[in-house]
Amino acid sequence: MKILDRYILVSYLKTFFAVFIILMFIFVLQTIWLYIGELAGKDLDVGIILKFLLYFSPKLVPLVLPLTILLTSIMTFGSFAEKYEFAAMKSAGISLQRAMRSLTVFIVFISLVAFFFANNVIPAAEFKSINLRKNIAQLKPAMAISEGIFNDVGEFNIKVDKKSGDNDQFLDNVIIHQKSARGGNLTVIKAKKGELMGSTESDMLSLILRDGNYYDEIKQSDPRKRANKPFAKSYFKEYVINIDLSTFNDVDLDDENYRNSQNMLKISELSQSIDSFSTSYNTEMKNFSEVMYKRTGATTFNTYFKPNDSIKNFENSILELYDPSMGLQIINQSLGTVNASISNLTIKKQEFKNSRKQLNKFEIALHEKYVLGFACIILFFVGAPLGAIIRKGGMGLPMVIAILMFLTYHFIGIFAKNSSEDGTLSPFIASWLSTLIMLPLGIFFTYRATTDQGLLAFGNFIAPFTKLIKKLGWIKKETK
């Protein structure tokens, strides 16, 4: 390796590792704030919290690494241009492409490492993090009663409109569904006020309800009485429910039973899952279409009609051939069949939509593993010539430009993936869209930096209009 290549590579690496560590630290802090509600107040030791952050950190690499390469490239080459080091290189006959050669090899190596990381490390970390997060959520179910939704706590489903107090112990508008051994929620308890009483040292949680009603559905063996939906109702001023938390506090944080996420899978596993999902989806669609077609009764029709077989002796409706009672029965049966078909179609449409959305998520996860490596290369060829053009190093202007470009790149990817999940956009296009948009931008910046042109030569845009104005002015002069 020549001295110049070594100098450029060392300068780049110093900035690269410093920027990567700083950005990773910032994103880890953002992760802590995002999941602070799941970690706080659950008596977790430092080891568990560090393990939690360690498992979540690899998922930040697809965000941190491209931004690091873009920012480092702009800072490094901007610093070279600002200190006239590029001018010295060009005077010695060294072009921008020659100066970028050693870094290009390094970036290709980083892209291969990023691909390996996305295919092996991130799925394993996703698997660990989701299972650890699930287990942490079970440690203190008293802390897991969120507002506005039903919370599964032991044998109760609890919903509250609002929590208040120093420890959120006071509850407003409490609705409780008690699970039954016979299946279903046959007991419903409603109260205007509630209070949670307990301690971290006790396995019992007392829920004191005030000013409410108790509804208990009475299950009937007689089908005719079942239609009346009988239930028993009672009013109470105060009612105490004791919830046993012993099974919840005994949680194995190393338990890893959850495996249902596309981000946990490698490329081979994703390909196999996509094939399986696609086959199942297409088979279900085909079977449903055949069932709906048979329900229409079209398969029983005789398609070989002759003109003299058709019925013409009725004026308004074919129902005139039947007596009124039979006609009414036919109409009711037809309406019932149509309504049932519409209801079935509506339900199946939503099921197929959810299945397609899940399939799209798997396809996006597959393409994202390839996109990360290519994004590193393309963003390097965007940042390096851009730094040479703006001729500014440091953390000022390069930071602003890099963040603006990366946010554009990132948000285009997010919007495209959201559109793909809904079926509006192909998963392949959605995954590659932001990277493909950056590709011509990198080619444009590389060309302008190589030819010693500015970022935007406004004179080139204005010149044609100036010539046109002068020409029109000359024509007017001649007509006068």
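Residues numbered from 1 in each chain as written. Predicted model: local features only at pLDDT ≥ 70, side-chain atom pairs only at ≥ 80, totals over all residues. Heavy atoms only, no water.

A. Summary view of the UniProt feature "transmembrane region" (unreviewed entry) in the protein. In the numbering used here, UniProt assigns the feature "transmembrane region" (unreviewed entry) to residues 12-36, 60-81, 102-122, 370-390, 397-416 and 428-447. Here residues 60-81 runs as 95% helix and 0% strand, with 32 Å between its end C-alpha atoms. In residues 370-390, helix accounts for 100% and strand for 0%; the two terminal C-alpha atoms are 31 Å from one another. (UniProt positions renumbered as here; feature names shortened; annotations may be inferred. Helix = DSSP H or I, 4+ residues; strand = E, 2+ residues; numbered from the N terminus.)

B. Summary view of the layout of surface pockets. What the largest pocket holds in volume is close to 1,100 Å³. Lining of the largest pocket is provided by 35 residues; of these, Lys59, Pro62, Asn263, Glu368 and Lys417 occupy positions nearest its centre. Of all the elements in the fold, those that place two or more residues in the lining of the largest pocket are helix H1 (3-34), helix H4 (61-82), helix H7 (101-137), helix H11 (324-390), helix H12 (397-421) and helix H13 (427-450). For the lining of the largest pocket, a count of residues per class yields 19 nonpolar, nine polar and seven charged. (1 Å grid on protein atoms, 1.4 Å probe; cavity = no way out; pocket = protein on both sides within 12 Å on 5 of 7 lines; lining within 4 Å. Points joined across faces, edges and corners; volume = space filled by probe spheres on them. Nonpolar A, V, L, I, M, F, W, Y, C, P; charged D, E, K, R; others polar.)

C. Focus on the nonpolar core. Ile69, Phe77, Phe86 and Phe380 are the most contacted members of the largest nonpolar core, which has 62 residues in total. The element that contributes the greatest number of residues to this core is H11, accounting for 13 residues. When residues no more than four places from it in sequence are discounted, the contact partners of phenylalanine 86 are Phe77, Phe80, Ala81, Leu96, Ala99 and Ala388. Membership of the second largest hydrophobic core comes to 17 residues, among which are Phe156, Ile176, Ala191 and Leu207. (Core = buried A, V, L, I, M, F, W, Y, C linked by side-chain atoms within 4.5 Å. Buried < 20%, exposed > 50% of the residue type's maximum accessible area, 1.4 Å probe, protein only. Contact = heavy atoms within 4.5 Å.)

D. Region of the structure containing the pattern of salt bridges. Applying the stated criterion to the full structure yields eight salt bridges. A salt bridge links lysine 59 to glutamate 126; the shortest N-O distance between them is 3.4 Å. Separated by 67 residues along the polypeptide, lysine 59 in the loop between helix H3 (46-56) and H4 and glutamate 126 in helix H7 bring together distant segments of the chain. The partner of lysine 348 in a salt bridge is glutamate 284, and the shortest N-O contact between them spans 3.3 Å. In this pair, lysine 348 is assigned in helix H11 and glutamate 284 in helix H10 (residues 267-295), connecting sequence segments 64 residues apart. A relative accessible area of 30% places glutamate 284 in the partly exposed class. Each of Glu195, Arg210 and Glu238 takes part in a single network of salt bridges with overlapping partners. (Salt bridge = Lys/Arg side-chain N within 4 Å of Asp/Glu carboxyl O.)

E. Spatial organisation of the environment of glutamate 85. By the element assignment, glutamate 85 lies in helix H5 (residues 85-91). Overall, glutamate 85 belongs to the partly exposed group, its relative accessible area being 21%. Among all residues touching glutamate 85, those that are not within four sequence positions of it are Tyr7, Ser79 and Phe80.

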